[in-house]
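Per-entry structural report
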There are 2 protein chains.
Amino acid sequence: MKENKKVSTTRRKSADIRKDNLQLILSVAEQRFAEYGYNGTTISSIADQAQLPKSNILYYFKTKEVLYKEVLTQILKIWLVDMEEMSADQHPREALRHYIILKVKQSKDHSNASRIFASELLHGAPFLREKLQTDLKVQFMKTCQVFREWIAKQWMNPISPEHLLFMIWSSTQAYADYGLQSSILMGKTELDESDFETGAELITQVVLKGCGVKLL
Amino acid sequence: MKENKKVSTTRRKSADIRKDNLQLILSVAEQRFAEYGYNGTTISSIADQAQLPKSNILYYFKTKEVLYKEVLTQILKIWLVDMEEMSADQHPREALRHYIILKVKQSKDHSNASRIFASELLHGAPFLREKLQTDLKVQFMKTCQVFREWIAKQWMNPISPEHLLFMIWSSTQAYADYGLQSSILMGKTELDESDFETGAELITQVVLKGCGVKLL
DNA sequence: CAACTAACTGACCACAGGGTCAACAAGTTA
DNA sequence: TAACTTGTTGACCCTGTGGTCAGTTAGTTG
């Protein structure tokens, strides 16, 4: 952690420098934005943590807003991937379980990204509205359609696909958003592996049974 | 909206003035904090919206932080009330339904409060940690105990009370936190009465069935 | 009504934070 | 290695914001 980039004696190509620094900045920025929100995060604080001068951050990202949007964009990509996997020919028993487990895992492994996303929505998605209306909506509607087909095949009870998806989103997402609250309430400093597992399993069970999906 | 407090010819007692202004400021502050978060909210903006000079706000609340904490305190009170109603001698069929409906209603009627609370948790509860560890935790444990007794009575399946409560919280809370996202995805400008109803009903059904609570 | 307290407010201040810029260093290329 | 591009940085600026304060007005009380 101590070594400075300058210490390296080997010459680094411009392209590499650029790639590395962009990556470093984005990653540090993600942490800070997740913890302190957009307004609560200062460029200087990002700079400090990345061990770069503030000016250097501004060299790569013209403004704080640009940097934030870039972080958001990366996050949305991750967010959409999992949903794509569900398809109507899979049985909800496996497909939903798989999706729920993935989502909880994502809450655990990409907690920062999840929280930024949540915070953005919470405050009216000022930077994300457009993306929501296009990319996310498309995927949302596709997934609802999958649910509808499952219902038509009588693989699950006839319930509102939209609200079901909201329910799955929020309860899985909660393991990122409210992980801290949860750990406090359970008297721990942090949720551990088994908490995420138990959570994912419980959500799966409740959702499957609750939707009348036949278990094996 | 146009009349200024000064226009009133009737004399107002100091106590009344104080009460009214405190109320006004707290209520406006709640809106702003919900929409823009702690750091995104300026005292001036609160002042503008309340049609009071900034100095006047600072007269009633020494600092921004004091004001914010006051808002939070009020919110937590509201938040805890509903949970108290559940007791072990009620049947989960009615008790859970009742609680879920209340929670969703709260998301609708006190969306601002809910969102501030969520935002606070999201960012590590810097101002709320203590309260969580005491007040909320007590109520949390009581409620988990109620669930346990239901399980013992075989009124519901043996599932983790903690995680079940998280699931109920997050999925009901979502109607405040992600109400905007939901409406965008459903192609509306705002969730309407029936959306909240459908949501509450769906959550209730899924939870009850999912927990193996016998329906009538 | 006089003395007092509570409510109110504009002017002011300190300073943090986003962003600019000019100069310089390091890599690239012919 | 010279000309050029890309990366790096400290000094600087300006706006916005939290907060102070002294002076004023409006209610209270003996």
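In this section: the overall build of chain A. Along chain A, the regular secondary structure elements total ten helices and zero strands. Beginning at the N terminus, the succession of helices and strands in chain A can be written as α-α-α-α-α-α-α-α-α-α. Each principal axis of the C-alpha atoms in chain A carries an extent, and together these give about 65 × 40 × 35 Å. Per-residue burial over chain A gives 50% buried out of 216 residues. A separation threshold of at least 6 residues defines the contact pool for chain A, and within that pool the share at least 24 residues apart is 68%. Within chain A, the 26 negative side-chain charges are centred at a point lying 6 Å from the centre of the 29 positive side-chain charges.

Looking now at the nonpolar core. Ranked by size, the top nonpolar core spans 138 residues in total, and within it Leu67 and Trp169 of chain A together with Leu67 and Trp169 of chain B carry the most contacts. Those residues in contact with Leu67 of chain B that lie beyond four places of it in its chain are Ile25, Leu26, Ala29, Phe33, Ile46, Ile57 and Phe61 of chain B.

Right, let's get into the interface of chain A and chain B. With 55 residues of chain A in contact, the opposing surface of chain B contributes 55 residues. In terms of surface lost to chain B, no three residues of chain A exceed Leu122, His163 and Leu185 of chain A, which account for 16% of the buried area on that side. Here chain A and chain B share zero salt bridges between them. If you look at where chain A meets chain B, you find six residue pairs in polar contact (both at pLDDT 80 or more).

In the vicinity of DNA strand D lie 23 residues, with Arg18, Ser55, Tyr59 and Tyr60 of chain A together with Lys64 of chain B positioned nearest. Atoms of DNA strand D within 4 Å of the protein: sugar and phosphate make up 64%, bases the balance. Contact distances for DNA strand D include 2.8 Å between a base oxygen and a side-chain N or O atom of Lys54 of chain B. Contributing elements (two or more residues each) for the surface near DNA strand D: α1 (14-40) and α3 (54-60) of chain A together with α3 (54-60) of chain B. Of the residues that constitute the surface near DNA strand D, the class distribution is six nonpolar, nine polar and eight charged.

Our focus in this paragraph is the domain arrangement of chain A. Residue and element names in this part refer to chain A. Considered domain by domain, chain A is made up of domain 1 (5-61) and domain 2 (71-210). Centre-to-centre, using C-alpha coordinates, domain 1 lies 30 Å away from domain 2. Buried area between domain 1 and domain 2, both sides added, is near 700 Å², and the carbon and sulfur share of it is 68%. When the area that domain 1 buries against domain 2 is broken down by residue, the three leading residues are Leu26, Glu30 and Ala34, summing to 65%. Summed over the shared surface of domain 1 and domain 2, the number is zero salt bridges. Our count for the contact surface shared by domain 1 and domain 2 stands at zero residue pairs in polar contact (both at pLDDT 80 or more). Split into classes, the residues belonging to the side of domain 1 that touches domain 2 amount to five nonpolar, one polar and two charged.

Another aspect to go through is the protein's contact with DNA strand C. In the vicinity of DNA strand C lie 21 residues, with Lys64 of chain A together with Arg18, Ser55, Tyr59 and Tyr60 of chain B positioned nearest. The contact atoms of DNA strand C, taken as those within 4 Å of the protein, divide so that sugar and phosphate hold 67%. Take Ser14 of chain A: an N or O atom from its main chain is 3.1 Å from a phosphate oxygen of DNA strand C. Note that a phosphate oxygen of DNA strand C is positioned 3.1 Å from one of the side-chain N or O atoms of Asn56 of chain B. Taken together, the elements giving at least two residues each to the surface near DNA strand C come down to α1 (14-40) and α3 of chain B. Of the residues contributing to the surface near DNA strand C, the split by class is five nonpolar, eight polar and eight charged.

The subject of this paragraph is the environment of Leu202 of chain A. Positionally, Leu202 of chain A belongs in helix α10 (residues 193-210). On the basis of relative accessible area, Leu202 of chain A is assigned to the buried category, the value being 6%. Residues Leu202 of chain A and Lys13 of chain A lie 189 residues apart in sequence; the distance between their C-alpha atoms is 50 Å. Beyond its immediate stretch of four places on either side in the chain, Leu202 of chain A contacts Ile159, Ser160, His163, Leu164 and Met167 of chain B.

With that settled, consider the side chain of Gln106 of chain B. All names here are of chain B. Looking at the secondary structure, you find Gln106 in helix α5 (residues 92-109). A relative accessible area of 8% means that Gln106 is categorised as buried. A distance of 2.8 Å separates a polar atom in the side chain of Gln106 from a polar atom in the side chain of Asp82. Gln106 has contacts with Ile78, Trp79, Asp82, Ser111 and Ser114, leaving out every residue within four places of it along the chain.

Definitions and limits used
Residues numbered from 1 in each chain as written. Chains lettered and ligands numbered in written order. Predicted model: local features only at pLDDT ≥ 70, side-chain atom pairs only at ≥ 80, totals over all residues. Heavy atoms only, no water. Helix = DSSP H or I, 4+ residues; strand = E, 2+ residues; numbered from the N terminus. Buried < 20%, exposed > 50% of the residue type's maximum accessible area, 1.4 Å probe, protein only. Contact = heavy atoms within 4.5 Å. Lys, Arg positive; Asp, Glu negative; His and termini not counted. Charge placed at Lys NZ, Arg CZ, Asp CG, Glu CD. Core = buried A, V, L, I, M, F, W, Y, C linked by side-chain atoms within 4.5 Å. Buried area = accessible area lost by both parts, 1.4 Å probe. Salt bridge = Lys/Arg side-chain N within 4 Å of Asp/Glu carboxyl O. Polar contact = N/O pair within 3.5 Å; in protein donor to acceptor, adjacent residues only side chain to side chain. Near = heavy atom within 4 Å. Nonpolar A, V, L, I, M, F, W, Y, C, P; charged D, E, K, R; others polar. Domains from an automatic or database assignment.

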